Each structure stands twice: as structure tokens, then as C-alpha cells.
Amino acid sequence: MKTVKNQVKIIGGEWKRKNISFIDSPGLRPTPGRVRETLFNWLEQDLTGKVCLDLFSGSGVIGFESLSRGALNVVMVEKSPQVFKTIQENKKLLQADRASLLLTDALMFLEKNNTKFDIIFCDPPFNEGWEGKLFPQLANHLTADGLIYFESEVSLNEYSLFKIIKKRKAGNVFYHLVTLKNNDSI
């Protein structure tokens, strides 16, 4: 079977208008440009000095967009070897030296990781109950004033340690900006 490569455009920062490739893969849905535009408006466009985690990298567009907008480092986690290979190719193409790529499962990464992130991007496969699997662990990986961007097929409810700051819907996708309840900087 032939691998079909698609493209998505980075919309802001150093690599604005550059295309990155991604392959057709079950559950892979690159975040559309209009949703990314809203997300980065929520994040005030500039991510200079931020340490980010792109937990279900997929196309990698969110991680590369973050680096394009000045993120200090982005850890990009993807478990599909074929999808991961394309992310590696895009990293090389963009010369994205501040991207750390990991071929592993999201939950295994969270189990072993000790780094705290300023922003965690989560766009897990739909209809697999990831909200309940991830939110109990995410607080341990977020700085005190950190933010989580979460895409889902359903509107999220607040979890014990988290509050939803913003949420929107585009088509069949709900997207949310979440922080720790004790975050007073919001």
C-alpha cells in the first residue's frame, strides 16, 4: 500500500507559510489553521522561553508552530513509527533543533517523565476515553502557571485539579484551554 503524504501550513512565527508533511493514518487529524489561530491568540502569539509538550504529535504541526513562535523546547511524543518518521523528516526540513522527538506511548511517557511544562498540547485519538486517562496525570507535568490545550470529541467537564479557561467548537471538535485551579495568574 502506498503512503499518501498530505501537507499542512504553519501559520505564524519564523516558519510562517512553510508546509509540513503528514501521512494518512487512523485517528490522525491535524488541527485546522483556524483552530490553531484561535489557540495561539489564546496563548498571546509569542511562546518565547516556554517549554512545551506535544503529547500526541500526529502531524507535528502544533509542536512546530510552537517552535516557530519562539518556544524554548518542544517535546513531541508519537507512538506510530510511520507517523514518527514523517515528524523526523519535518524536523530535519525545518532545522528544528529545539524539537525533542520521542517514539513512545503517551501514558508511558507521562509515567517516566519528570519535566514540568509551561504548555501541554493534547490532541488524542477520539472515542478512546483519553480525558479520564490523562487528566489525573497531567497536573504532575505542568508548571504552577502552566496551560493545557485539549482537543476532544466532547465538551470537557472540569476535573478536580483543573479549571477550563476557554473553550470553543469547530465542526465536530471541541477545544479547550485548561489550567490548574490554584493558578492565580489567569
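Up top is the structure.
Residues numbered from 1 in each chain as written. Predicted model: local features only at pLDDT ≥ 70, side-chain atom pairs only at ≥ 80, totals over all residues. Heavy atoms only, no water.

K.L.:
What should I look at first to understand the pairing of strand E6 (residues 117–122) in this one?
P.N.:
Two faces, one strand: in a regular strand the side chains alternate between the faces of the sheet. When you tally the buried positions in E6, you get six out of six residues, the bulk of the element. Here strand E3 (residues 51–54) runs beside E6; their pairing, made up of three bridges, is parallel. When the bridges of E6 are listed, Cys52 appears paired with Ile119. Pairing analysis gives five bridges linking E6 to strand E7 (residues 142–152), with the strands arranged parallel. Across the sheet, residue Cys122 finds its bridge partner in E7, namely Phe150. Each parallel crossover has a hand, and the one from E6 via helix H5 (residues 130–138) to E7 is right-handed. (Buried < 20%, exposed > 50% of the residue type's maximum accessible area, 1.4 Å probe, protein only. Helix = DSSP H or I, 4+ residues; strand = E, 2+ residues; numbered from the N terminus. Pairing = 2+ DSSP bridges. Right-handed = clockwise from strand over helix to strand, strands pointing away.)

K.L.:
It is not clear to me how the sheet that holds strand E8 (residues 162–170) should be interpreted in this structure. Could you clarify?
P.N.:
Hydrogen bonds between backbone groups are what pair the strands of a sheet, and the pairing can be parallel or antiparallel. On the basis of which strands lie adjacent, the open sheet formed by seven strands has the order E5-E4-E3-E6-E7-E9-E8 and mixed pairing. Looking at the sheet topology across the chains shown, the edges are occupied by strand E5 (99–103) and E8. With direction set aside, neighbouring strand axes in the sheet form an average angle of 15°. Summarising the sheet, strand E4 (residues 73–78) and E5 pair through five bridges and their orientation is parallel. Paired with Met76 across the bridge in E5 is Leu101. Packing of helix H2 (residues 61–68) onto the sheet brings it into contact with E3, E4, E5 and E6, and relative to E4 it is tilted by some 175°. Where H5 meets the sheet, it contacts E6, E7, E8 and strand E9 (173–180), and its direction lies at approximately 170° from that of E7. (Axes fitted to C-alpha atoms, helices over the stretch in contact; angles between N-to-C directions. Contact = heavy atoms within 4.5 Å.)

K.L.:
I keep staring at H2 and nothing clicks. Help me out?
P.N.:
For the α-helix, the turn length of 3.6 residues means that residues three or four positions removed from each other point alike. Most of H2 is tucked away, with eight of its eight residues classed as buried. Of the positions making up H2, those classed as buried are Val61, Ile62, Gly63, Phe64, Glu65, Ser66, Leu67 and Ser68. The first or second residue beyond H2 is Gly70, which carries a positive phi of 100°.

K.L.:
It is not clear to me how the pairing of E4 should be interpreted in this structure. Could you clarify?
P.N.:
In terms of residue burial, E4 counts as a mostly covered element, since five of its six residues are buried. Relative to E4, E3 runs parallel, the two sharing four bridges. What sits directly across from Asp54, in E4, is Met76. The parallel pair E3 and E4, bridged by H2, forms a crossover whose chirality is right-handed. The handedness of the E4 to E5 crossover, carried by helix H3 (residues 81–94), is right-handed.

K.L.:
What am I meant to see in H3 here?
P.N.:
When the terminal C-alpha atoms of H3 are compared, their 20 Å separation across 14 residues agrees well with the 20 Å that a helix rising 1.5 Å per residue should span. Where H3 terminates, the next one or two residues include Gln95, which has phi positive at roughly 55°. (Expected span 1.5 Å × (residues − 1).)

K.L.:
Mind showing me how you'd approach unusual backbone geometry here?
P.N.:
It is generally the case that most residues other than glycine have a negative phi and that most peptide bonds are trans. The phi dihedral of Arg17 falls on the positive side, at around 75°, and the residue is not glycine. Within the fold, Arg17 resides in the loop between strand E1 (5–9) and strand E2 (19–23). Taking the relative accessible area as the measure of exposure, Arg17 reaches 59% and is therefore exposed. Of note, Gln95 is a non-glycine position whose phi angle comes to about 55°, a positive value. Along the chain, Gln95 turns up in the loop between H3 and E5. Given a relative accessible area of 61%, Gln95 falls into the exposed group.

K.L.:
Teacher, can you tell me more about the pattern of salt bridges here?
P.N.:
Note on pairing: side chains with opposite charge can pair once their charged atoms come close. In total, this model carries three salt bridges according to the counting rule given. The residue Arg36 makes a salt bridge to Glu65 at a minimum N-O spacing of 2.9 Å. Taken together, the positions of Arg36 in helix H1 (residues 33–42) and Glu65 in helix H2 put the pair 29 residues apart, joining distant regions of the chain. Of the two residues, Arg36 and Glu65, both sit in the buried class. Ionic pairing is found between Lys85 and Glu89, a salt bridge with its closest N-O pair at 3.1 Å. In this pair, Lys85 and Glu89 both sit in helix H3, four residues apart, roughly one turn of the helix. Overlapping salt bridges bring together Arg36, Glu65 and Arg69 as one network. (Salt bridge = Lys/Arg side-chain N within 4 Å of Asp/Glu carboxyl O.)

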